[in-house]
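Report on the structure
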Amino acid sequence: MVEQAARRGCYSRLEVAELVDFLRREADAVEAAAASSEPAIHPYDLLVAADVFVYIGDLGPVLAAAAAAAAPGAVLAFSTEALERAPGGKANRSPPAASEPSAAALAVGGSGGCPGLRLQVTGRYAHSLRYLEDTGRRCGWDLVSSDQSVIRQNGGEPIWGHLCVMRRVGGGRGQAG
C-alpha cells in the first residue's frame, strides 16, 4: 500500500512506523525546533484515524501521544467499533459466555484488564463511548461529537461503530493514558 501511495506522487511524506512511537517523535521534533534556531515545525491541527483504532485495545497511549503532537484546539476525528448495542438492538459480537461480564458491565468499569473495551472474535477491538470520552479527557481531548453508525460490513453483517470528533484542550504533552 505504501509503494502504491508513493507511486501516486501526491503525498509530501509517507511514513511506516508504529503509531505511538511516530507521534512521540513528531512531538519531540516540534519541541526541539521550538527550543532551537531550527526552522519551525508546527504541531498537527488535524488528525484522522479511520478504521485504525479498531486494531488498538487501550487507546490511552495513542491519544496521549496524539495530544502531544497536536496544537491546542486541534481536531482528532476517528472511528471505532461500538461496544454498546447498536440502535437496532444488535451487538457487534456474539453474546458473552456466562462467565464473562456483559458489555454494559465492561462499559461502566466491569472486571478484566481494561474496562470499556473488548477484543472481538474478528481480532478487532470494540470500545464503549464512555471509555472513549473518559480516556480522551484524561489524555488532553474533549469529545465534541459522536455518532453511532454502520462503519463497514463484515460477512454481510453491519458493524456498528462510533464516529467521534475530539478537540485538543490545553497545551504541552498529553497526560499518561
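Summarised in this report is the structure supplied together with it.

Criteria and thresholds
Residues numbered from 1 in each chain as written. Predicted model: local features only at pLDDT ≥ 70, side-chain atom pairs only at ≥ 80, totals over all residues. Heavy atoms only, no water. Helix = DSSP H or I, 4+ residues; strand = E, 2+ residues; numbered from the N terminus. Buried < 20%, exposed > 50% of the residue type's maximum accessible area, 1.4 Å probe, protein only. Areas by Shrake-Rupley, 256 points an atom, 1.4 Å probe, with all protein chains shown as cover. Expected span 1.5 Å × (residues − 1). Contact = heavy atoms within 4.5 Å. Polar contact = N/O pair within 3.5 Å; in protein donor to acceptor, adjacent residues only side chain to side chain. Core = buried A, V, L, I, M, F, W, Y, C linked by side-chain atoms within 4.5 Å. Salt bridge = Lys/Arg side-chain N within 4 Å of Asp/Glu carboxyl O. 1 Å grid on protein atoms, 1.4 Å probe; cavity = no way out; pocket = protein on both sides within 12 Å on 5 of 7 lines; lining within 4 Å. Points joined across faces, edges and corners; volume = space filled by probe spheres on them. Nonpolar A, V, L, I, M, F, W, Y, C, P; charged D, E, K, R; others polar.

Concerning the overall build of the protein chain
When helices and strands are counted, the protein chain shows 5 helices and 6 strands. Ordering the α and β elements of the protein chain from the N terminus gives α-α-β-α-β-α-β-β-α-β-β. Sorting the 177 residues of the protein chain into buried and exposed places 36% on the buried side. As displayed, the protein chain offers around 9800 Å² of accessible surface, 55% of which is attributable to carbon and sulfur atoms.

A few points about helix 2 (residues 19-34)
In a regular helix each residue adds 1.5 Å, so 16 residues correspond to 22 Å; helix 2 covers 23 Å between its end C-alpha atoms and thus fits that length. Taken together, the buried positions of helix 2 are Val-20, Phe-22, Leu-23, Glu-26, Ala-27, Val-30 and Ala-33. Where the residues of helix 2 are buried, they touch strand 1 (44-49) and helix 3 (60-69). Between the side-chain oxygen of the N-cap and the backbone nitrogen of Val-20 there are 3.1 Å, and the N-cap of helix 2 in question is Glu-18.

Quick notes on the nonpolar core
Note on soluble globular proteins: their nonpolar side chains tend to be buried together. Ranked by size, the top nonpolar core spans 27 residues in total, and within it Leu-23, Leu-63, Phe-78 and Trp-141 carry the most contacts. Of all elements in the fold, only helix 2, strand 1, helix 3, strand 2 (70-82), helix 5 (129-138) and strand 6 (157-168) reach the threshold of two or more residues within this core. In terms of residue count, the dominant contributor to this core is helix 3 (8 residues). Apart from residues lying up to four places away in sequence, Leu-63 is in contact with Phe-53, Leu-76, Thr-135, Gly-136, Cys-139 and Trp-141.

Thoughts on the pattern of salt bridges
In total, this model carries 7 salt bridges according to the counting rule given. Of the charged contacts in the structure, one is a salt bridge between Glu-15 and Arg-13, with a shortest N-O distance of 3.0 Å. The class for Glu-15 is partly exposed, based on a relative accessible area of 44%. Linking Glu-26 and Arg-13 is a salt bridge whose minimum nitrogen-to-oxygen distance equals 2.6 Å.

Things to note about the side chain of His-127
With respect to the helices and strands, the residue His-127 is situated in strand 4 (residues 125-127). Taking relative accessible area as the criterion, His-127 reaches 0% and is therefore assigned buried.

So, the layout of surface pockets
Reported here for the largest pocket is a volume of approximately 930 Å³. Lining the largest pocket are 24 residues, with Glu-15, Leu-19, Phe-22, Val-48 and Val-52 positioned closest to its centre. Elements with a minimum of two residues in the lining of the largest pocket: helix 1 (2-8), helix 2, strand 1 and helix 3. The leading source of residues in the lining of the largest pocket is strand 1, at 5 residues. Residue composition of the lining of the largest pocket, by class: 21 nonpolar, 1 polar and 2 charged.

Some points on the environment of Ala-64
Inspection of the secondary structure assignment puts Ala-64 in helix 3. Using a relative accessible area of 9% as the deciding quantity, one classes Ala-64 as buried. Taking the C-alpha atoms as reference points, Ala-64 and Arg-137, separated by 73 residues in sequence, lie 9.8 Å from one another.

Comments concerning unusual backbone geometry
Its identity as a non-glycine residue notwithstanding, Asp-51 has a phi of 60°, on the positive side. Locating Asp-51 in the fold gives a position in the loop between strand 1 and helix 3. The exposure class assigned to Asp-51 is partly exposed, which follows from its relative accessible area of 31%.

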